Amino acid sequence: MEKDTEDSSPDYKVNPSADIRELVVPDAEGGQRLDQALSRMLPEFSRNRIQNWIRARKIAVDDVFPNTKMKVLGGENVRVEIEADPNATPDAAEAIPLEVVFEDPMLMVINKPVGLVVHPGSGNRQGTMLNALLHWVPQVAELPRAGIVHRLDKDTSGLLVVAKTIKAHTDLVRQLQARTVKREYLALVYGEIDRNGTVNAPLARDPHNRVKRTVHSMGKEAITHYEVVERFPGVTLVRCKLETGRTHQIRVHMQHIGHPLVGEDTYSASRRSHHKLPFPRQALHAERLGLIHPFTQEFMQWECPLPADFADILNALREDSL
């Protein structure tokens, strides 16, 4: 496959304070367009921004400036000059309390409460976890998305990791791509599940609602393993282990197999259990998180208890089952 390039004589004029990334294209990306491959290798940046960097000669492949149509073979050395988004406005630091489960000079693990938005977006420019990080850990302002490498939905509780240095950020993003970050969730779903299983169903943005995701043959690979933890009349507590980490993955996958989450409104099934449990949000909690520490290279794992509302509904179900 021939490499489609525009210029074989790069002239680097780089801001000395710029964030430079040196990457190697995985063999699995062979045959893909460069912008597609980089959007997976640098998931914190949009494909549109990556295309703009290619046009602005902020990206070189094997010391050659490519064009936006270039396809990669796998194994190429890619040099990316991370350019600040000119349309971005600085996020405000806010003294929002955070429950820190673990912290060292490279990373921190946070137990996110229900109701806290992770990253500012439309309608949520303040009061987010990112705003809190800027207050408590000011140096993360220099990192992409303030060191946030993965997210939890607003009404999902539990563990997530934040990078505190660019080295840790790069390492954690690579681990997420390599699927060495272990994430386990507890989910209360409608229906009585009789055995463990796996949902392997690609996910894409819903063409009728940009906020939602849907199972689609042309979507990105998405795999969820689930195990039965406890059964109750009409509902089941399951542990979901993510092999991939797509937006709303567990919520969509469980609805796809006919077992939507208790409290779910966005992905509710047409036929729901005859008794709707009184729960104000999706019953989903990120209980366990494991990863390879970017400095020590040792595997570390954390676990956090259920929040009070989730624990209360389980206790009520147990009492009703007696």
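These notes cover the structure that comes with them. Note that this is a predicted model, so its numbers are computed, not measured.

**Concerning the overall build of the chain**
Phase 1 of the analysis: A tally of helices and strands in the chain yields six helices and 16 strands.
Phase 2 of the analysis: Considering only residue pairs separated by 6 or more positions, the chain has 65% of its internal contacts joining residues 24 or more positions apart.
Phase 3 of the analysis: On the chain, roughly 16,300 Å² of surface is accessible, and the fraction owed to carbon and sulfur atoms is 47%.

**Some details on the packing of helix H1 (residues 34–41) against helix H2 (residues 47–55)**
Phase 1 of the analysis: It is at 9 Å that the axes of H1 and H2 come closest, and there the two elements cross at 125 degrees. The orientation of H1 relative to H2 falls into the category oblique. Two packed elements cross with a definite hand, and for H1 against H2 that hand is right-handed. Counting all contacts with H1, which are made through Leu34, Asp35, Gln36, Leu38 and Ser39, the residues of H2 involved are Arg47, Ile50, Gln51 and Ile54.

**Looking at the pairing of strand E13 (residues 223–232)**
Phase 1 of the analysis: In the sheet, strand E10 (residues 197–200) pairs with E13 via four bridges, with the strands oriented antiparallel. Within the sheet, the bridge partner assigned to asparagine 200 lies in E13 and is isoleucine 223.
Phase 2 of the analysis: The pairing of E13 with strand E14 (residues 235–242) spans eight bridges and is antiparallel. Bridge pairing in E14 places arginine 231 opposite threonine 236.
Phase 3 of the analysis: Turn length for the E13-E14 hairpin, with the two strands adjacent in sequence and antiparallel, is two residues, and the turn residue glycine 234 shows positive phi of about 85 degrees.

**Examining the nonpolar core**
Phase 1 of the analysis: Membership of the largest hydrophobic core comes to 34 residues, with the highest contact counts inside it found for Met129 and Leu133.
Phase 2 of the analysis: When contributions to this core are tallied by element, the ones reaching two or more residues are strand E7 (107–112), helix H3 (129–136), strand E8 (157–163), strand E9 (182–190), E14, helix H5 (249–256) and strand E15 (284–292).
Phase 3 of the analysis: Broken down by element, this core gets its largest block of residues, five residues, from H3.
Phase 4 of the analysis: Those residues in contact with methionine 129 that lie beyond four places of it in its chain are Leu98, Ile110, Leu116, Val117, Val118, Ile148, Leu160 and Val162.
Phase 5 of the analysis: Leu34, Ala37, Leu42 and Ile50 belong to the second-largest nonpolar core, a separate cluster that totals 18 residues.

**Observations regarding the pattern of salt bridges**
Phase 1 of the analysis: Enumeration over the complete set of coordinates arrives at 19 salt bridges.
Phase 2 of the analysis: Here aspartate 153 makes a salt bridge to arginine 251, at a shortest N to O gap of 2.9 Å. Note that aspartate 153 is positioned in the loop between H3 and E8 and arginine 251 in helix H5, a separation of 98 residues in sequence.
Phase 3 of the analysis: Aspartate 153 sits in the partly exposed class, given a relative accessible area of 22%.
Phase 4 of the analysis: Via salt bridges that share partners, Glu184, Arg239, Glu287, Arg288 and Glu303 belong to a single interconnected network.

**Things to note about the sheet that holds strand E2 (residues 19–24)**
Phase 1 of the analysis: Strands sit in the order E2-E5-E3 across an open sheet of three strands; the sheet is antiparallel. Lying at the two open borders of the sheet, with one neighbouring strand each, are E2 and strand E3 (59–61). Neighbouring strand axes in the sheet, compared pairwise and without regard to direction, differ in orientation by 15 degrees on average.
Phase 2 of the analysis: In this structure, E3 lies alongside strand E5 (residues 77–82), joined through three bridges in antiparallel fashion. When the sheet's bridge partners are listed, isoleucine 59 is paired in E5 with valine 80.

**What about the side chain of glutamine 51?**
Phase 1 of the analysis: For glutamine 51, the location among the structural elements is in helix H2.
Phase 2 of the analysis: Classification of glutamine 51 by relative accessible area gives buried; the value is 15%.
Phase 3 of the analysis: Beyond its immediate chain neighbours, meaning those up to four positions away, glutamine 51 contacts Arg33, Asp35 and Thr68.

**What to know about the environment of asparagine 209**
Phase 1 of the analysis: As for its placement among the helices and strands, asparagine 209 is situated in strand E12 (residues 209–215).
Phase 2 of the analysis: Residue classification places asparagine 209 among the partly exposed positions, given a relative accessible area of 31%.
Phase 3 of the analysis: Within the structure, the side chain of asparagine 209 is placed 3.0 Å from the backbone nitrogen of valine 211, a separation counted as a polar contact.

Conventions and cut-offs
Residues numbered from 1 in each chain as written. Predicted model: local features only at pLDDT ≥ 70, side-chain atom pairs only at ≥ 80, totals over all residues. Heavy atoms only, no water. Helix = DSSP H or I, 4+ residues; strand = E, 2+ residues; numbered from the N terminus. Contact = heavy atoms within 4.5 Å. Areas by Shrake-Rupley, 256 points an atom, 1.4 Å probe, with all protein chains shown as cover. Axes fitted to C-alpha atoms, helices over the stretch in contact; angles between N-to-C directions. Parallel < 35°, antiparallel > 145°, perpendicular 65-115°, else oblique. Left-handed = near helix turned anticlockwise from the far one by under 90°. Pairing = 2+ DSSP bridges. Core = buried A, V, L, I, M, F, W, Y, C linked by side-chain atoms within 4.5 Å. Buried < 20%, exposed > 50% of the residue type's maximum accessible area, 1.4 Å probe, protein only. Salt bridge = Lys/Arg side-chain N within 4 Å of Asp/Glu carboxyl O. Polar contact = N/O pair within 3.5 Å; in protein donor to acceptor, adjacent residues only side chain to side chain.

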